[in-house]
Number of protein chains: 2
Amino acid sequence: MARGSKKLNPVDGGRGGGEEAARPSASQPSDPRPSESRPSESRGEWTYHRLREAIQAGELKPGERIREIEMAKRLEVSRTPVREALRRLEADGLLTFVPYRGMVIAELDHQAVMELYQMREVLEGTAAGLAARHASEAEITLIRDLIAADPGDGDPKALATHNRQFHGTLYRAAHNRYLLKTLNVLSDAMALLGMTTLSLTGRSGTARQEHEEILSAIEARDQARAEQAARHHIREAQRARLRLMFDGDRADTPQD
Amino acid sequence: MARGSKKLNPVDGGRGGGEEAARPSASQPSDPRPSESRPSESRGEWTYHRLREAIQAGELKPGERIREIEMAKRLEVSRTPVREALRRLEADGLLTFVPYRGMVIAELDHQAVMELYQMREVLEGTAAGLAARHASEAEITLIRDLIAADPGDGDPKALATHNRQFHGTLYRAAHNRYLLKTLNVLSDAMALLGMTTLSLTGRSGTARQEHEEILSAIEARDQARAEQAARHHIREAQRARLRLMFDGDRADTPQD
DNA sequence: TCGTCCCGGATTGTATACAAAGAATTGAGA
DNA sequence: TCTCAATTCTTTGTATACAATCCGGGACGA
């Protein structure tokens, strides 16, 4: 039943939040889930978000198997909403369905990672370019404020969150729902690779400069420059990622 | 259960299939499972494809409501697989969920159409550019043959099919799964607009020239030119679409 | 006449029972 | 000890019952 309205942007969109009052108690005689914050969200929706967060947070790692029953028990819902969530995550590319074995957290091989960055370079560039054309002053201000609030080389978690905020704001500033949706999906897939490259390669300072470069071009309403700046940013991120992956090949392999 | 393996490309072009290839009617409480020619895709999968085709074919028009029970009865399956199919179509952007009213075939407003074409221009250009770099000789030959097999100004249905084949082949030739998936989704969304612009604006001849221009650039392995040619192609299609929409505003409005 | 309240119908959300089919295990035989 | 086969286990696919909620219409009162 009550299922929050969903449009093309599944991520958030910063709706005023309030929502309709939403009746306090859940429907079932004995609502199992810890009195979480979303009374009006359907179980399917809720499960979807929970699993997504778990993947983002790295609690569920690539290759790991997900059993419907186990998950249902763990989240204290029935299989039905779990199935719905799994299907949606599969559509997002975060899960892979293996016949007769069920869902598995997607594993990205080298080729997939290359394709992912290639795609992101194009779309991130497009987003920045469009933002230069279409962003409202308020949106530009928001981006500026976000960059100013950069947490610097501190908590990797905060760094990742901040980075996500910056890019998410940039995506929205492009004012293209399809672009927004696609970039969000790509970002999610990136999470499968583990922690951001920022905190792992000491790139946070450089990244901030690159962010400022993008902002600068947007402020100047220079579409071409914004696109190039964004593409450069992603290429640098890719370089860092590749270094990380090759290092990892040496370091991680023996482990386990 | 048996659910055919699904990869990152749920769409692809392999739909050469015949209309109603008989649903996997097997497995009813008393059915010896007639050895179908396939591992028999699951009902959910089957339902998904059927609904998708129905939308593509225009049997289900934008704004139309889809009731789970009605659909289940019509396709002779239970609500469960129907629900799965509906969720997937929603993820593809072909359906919109309206709280307390269920699924509705997505309607694209003017803004959405603009965004769609904007996005397609970027990605189609990217695909052509990548194809120029990565397409195998076999793939290039396939594209060449397809263009040669252009049905010309005849049956609109054949024209649409051929056009889809050409573009689908181009997408695959880019060798990027994320790009492929996204372009397929965008193409599907286009189907919501109704028949191709080709058959409705007498653009088929021009389109063929544009296709040849793209091919030429790919054969020459000229990435930049391929990208530009593809972008030009989409821009022209967009122009045709806009003309059509404005004409439609005058002609269709009174109807109904 | 208009507004409000209430009830029945319609439709989705959720849980659960059952079926099917690969996967794993265990046993016997060579 | 190894191989093969039968049996059991595990897990998903499907159907269906039930619960909850919104929507529409109609009766009632102001």
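Residues numbered from 1 in each chain as written. Chains lettered and ligands numbered in written order. Predicted model: local features only at pLDDT ≥ 70, side-chain atom pairs only at ≥ 80, totals over all residues. Heavy atoms only, no water.

A. Region of the structure containing the relation of the copies chain B and chain A. Superposing chain B onto chain A takes a rotation of 180 degrees combined with a translation of 0.0 Å along the rotation axis, leaving an RMSD of 0.1 Å. Such a combination of rotation and displacement between the chain copies is what one expects of a two-fold axis. Comparing contact sets, 100% of the residues at the interface of chain B also lie at the interface in chain A, consistent with an isologous, same-surface contact. (Least-squares fit on C-alpha atoms with pLDDT ≥ 70 in both. Contact = heavy atoms within 4.5 Å.)

B. Up close: the interface of chain B and chain A. Every contact between the two is made by 35 residues of chain B and, on the other side, 36 residues of chain A. Inspection of the region where chain B meets chain A yields six salt bridges. Between Arg177 of chain B and Glu115 of chain A there is a salt bridge, with its nearest N and O atoms 2.9 Å apart. At the boundary of chain B with chain A, the tally comes to 10 residue pairs in polar contact (both at pLDDT 80 or more). Looking at the side of chain B that touches chain A, the elements that each hand over two or more residues are helix H3 (79-91), helix H4 (110-134) and helix H7 (177-191) of chain B. Looking at the side of chain B that touches chain A, its residues break down into 16 nonpolar, eight polar and 11 charged. (Salt bridge = Lys/Arg side-chain N within 4 Å of Asp/Glu carboxyl O. Polar contact = N/O pair within 3.5 Å; in protein donor to acceptor, adjacent residues only side chain to side chain. Helix = DSSP H or I, 4+ residues; strand = E, 2+ residues; numbered from the N terminus. Nonpolar A, V, L, I, M, F, W, Y, C, P; charged D, E, K, R; others polar.)

C. Molecular detail of the sheet that holds strand S3 (residues 102-105) of chain A. Residue and element names in this part refer to chain A. Strand order in the open sheet formed by three strands is S1-S3-S2, with antiparallel pairing between adjacent strands. Unpaired on one side and paired on the other, strand S1 (65-66) and strand S2 (95-98) mark the two borders of the sheet. Where S1 lies against S3, two bridges are found, and the strand directions are antiparallel. In the strand pairing of S3, Arg65 is matched with Val104. (Pairing = 2+ DSSP bridges.)

D. Just the confidence of the model for chain A, in detail. Residue and element names in this part refer to chain A. Per-chain confidence: chain A averages 82 in pLDDT, with 81% of residues scoring 70 or above. Every residue in residues 1-39 is under pLDDT 50, and counting partners more than four places away or in other chains gives 48 contacts. Residue range residues 252-256 is modelled with pLDDT below 50. Its contacts to residues more than four positions away, or to other chains, number one contact. (pLDDT = per-residue confidence, 0-100.)

E. Fine view of the nonpolar core. Counting residues in each nonpolar core, the largest one holds 41 residues, and the members touching the most others are Leu123 and Leu179 of chain A together with Leu123 and Leu179 of chain B. Those elements that place two or more of their residues in this core are helix H4 (110-134), helix H7 (177-191) and helix H10 (223-252) of chain A together with H4, H7 and helix H10 (223-252) of chain B. If we ignore the near neighbours within four places in the chain, the residues touching Leu179 of chain B are Met119 of chain A together with Leu123, Thr126, Ala127, Leu130 and Ala174 of chain B. (Core = buried A, V, L, I, M, F, W, Y, C linked by side-chain atoms within 4.5 Å. Buried < 20%, exposed > 50% of the residue type's maximum accessible area, 1.4 Å probe, protein only.)

F. Geometry of empty space enclosed by the protein. Applying the stated criterion to the full structure yields three cavities of 30 Å³ or more. Lining the largest cavity are Asp150, Pro151, Leu159, His162, Asn163, Leu198, Ser204, Ala207, Arg208 and His211 of chain A. Within the residue set of the lining of the largest cavity, elements represented by two or more residues are helix H6 (156-173) and helix H9 (204-219) of chain A. Here the lining of the largest cavity takes four residues from H9 of chain A, the largest share from any one element. Counted by class, the lining of the largest cavity contains four nonpolar, four polar and two charged residues. The volume enclosed by the second largest cavity comes to roughly 60 Å³. Where the lining of the second largest cavity is concerned, the elements lending two or more residues are helix H6 (156-173) and helix H9 (204-219) of chain B. Ranked by residues supplied to the lining of the second largest cavity, first place goes to H9 of chain B with four residues. A class-by-class count of the residues in the lining of the second largest cavity yields three nonpolar, four polar and two charged. (1 Å grid on protein atoms, 1.4 Å probe; cavity = no way out; pocket = protein on both sides within 12 Å on 5 of 7 lines; lining within 4 Å. Points joined across faces, edges and corners; volume = space filled by probe spheres on them.)

G. Fine view of helix H5 (residues 137-148) of chain B. Taking 1.5 Å as the rise per residue, H5 of chain B with 12 residues should run 16 Å; its terminal C-alpha atoms sit 16 Å apart, in good agreement. Those residues of H5 of chain B that are buried lie in contact with H4, H6 and H9 of chain B. (Expected span 1.5 Å × (residues − 1).)

H. Examining the pairing of S3 of chain A more closely. All names here are of chain A. Bridge count for S2 against S3 is four bridges, and the pairing is antiparallel. Note on S3: the bridge partner recorded for Leu95 is Ile105. The hairpin formed by S2 and S3 contains three residues between the paired strands, and Tyr100 there has a positive phi angle of roughly 65 degrees.

I. Spatial organisation of unusual backbone geometry. All names here are of chain B. Its identity as a non-glycine residue notwithstanding, Glu76 has a phi of 60 degrees, on the positive side. When you line up the elements, Glu76 lands in the loop between helix H2 (68-75) and H3. Taking the relative accessible area as the measure of exposure, Glu76 reaches 54% and is therefore exposed. With phi around 60 degrees, His175 is a residue other than glycine that occupies positive phi space.

J. Looking closely at the packing of aromatic side chains. For the structure on display, the rule yields zero aromatic pairs over all chains. If you follow Arg88 of chain A out to its NZ or CZ, it ends over the ring of Tyr48 of chain A, 3.8 Å from the centre. (Phe/Tyr/Trp six-rings, centres within 6.5 Å; stacked < 30°, edge-to-face > 60°. Lys NZ or Arg CZ within 6 Å of the ring centre and 35° of its normal.)

K. Region of interest: the side chain of Arg120 of chain B. Topologically, Arg120 of chain B is positioned in helix H4. Once residues lying within four places of it in the same chain are set aside, the contact partners of Arg120 of chain B are Gly125, His167, Tyr171, Leu183, Leu186, Met190 and Ile234 of chain B.

L. Inspection of the pattern of salt bridges at higher detail. By the definition in use, this model includes 39 salt bridges over all chains. We note a salt bridge from Asp109 of chain A to Arg177 of chain B, for which the minimum N-O separation is 3.5 Å. Taken together, the residues Asp109 of chain A in the loop between S3 and H4 and Arg177 of chain B in helix H7 connect one chain to another. A salt bridge links Asp188 of chain B to Arg52 of chain B; the nearest nitrogen and oxygen atoms lie 2.6 Å apart. Remark: Arg52 of chain B occurs in helix H1 (residues 43-56) and Asp188 of chain B occurs in helix H7; sequence separation between them is 136 residues. An identical accessibility class is assigned to Asp188 of chain B and Arg52 of chain B; each is buried. By sharing partners, the salt bridges in this structure join Glu121, Glu227, Arg231 and Arg235 of chain A into a single network.

M. Molecular detail of the environment of Leu200 of chain B. Here Leu200 of chain B lies in helix H8 (residues 197-201). The spatial distance from the C-alpha of Leu200 of chain B to the C-alpha of Arg43 of chain B is 36 Å, given a sequence separation of 157 residues.

N. How the structure looks around the packing of helix H3 (residues 79-91) of chain A against H3 of chain B. In the contact formed by H3 of chain A and H3 of chain B, the axes pass within 10 Å of each other and the chain directions differ by 35 degrees. The way H3 of chain A lies across H3 of chain B gives a crossing that is right-handed. Each of Arg83, Glu84, Arg87 and Ala91 of chain A in H3 of chain A lies in contact with H3 of chain B, whose residues at this interface are Arg83, Glu84, Arg87 and Ala91 of chain B. Here the contact of H3 of chain A with H3 of chain B is built from residues that sort into two nonpolar, no polar and six charged. (Axes fitted to C-alpha atoms, helices over the stretch in contact; angles between N-to-C directions. Left-handed = near helix turned anticlockwise from the far one by under 90°.)

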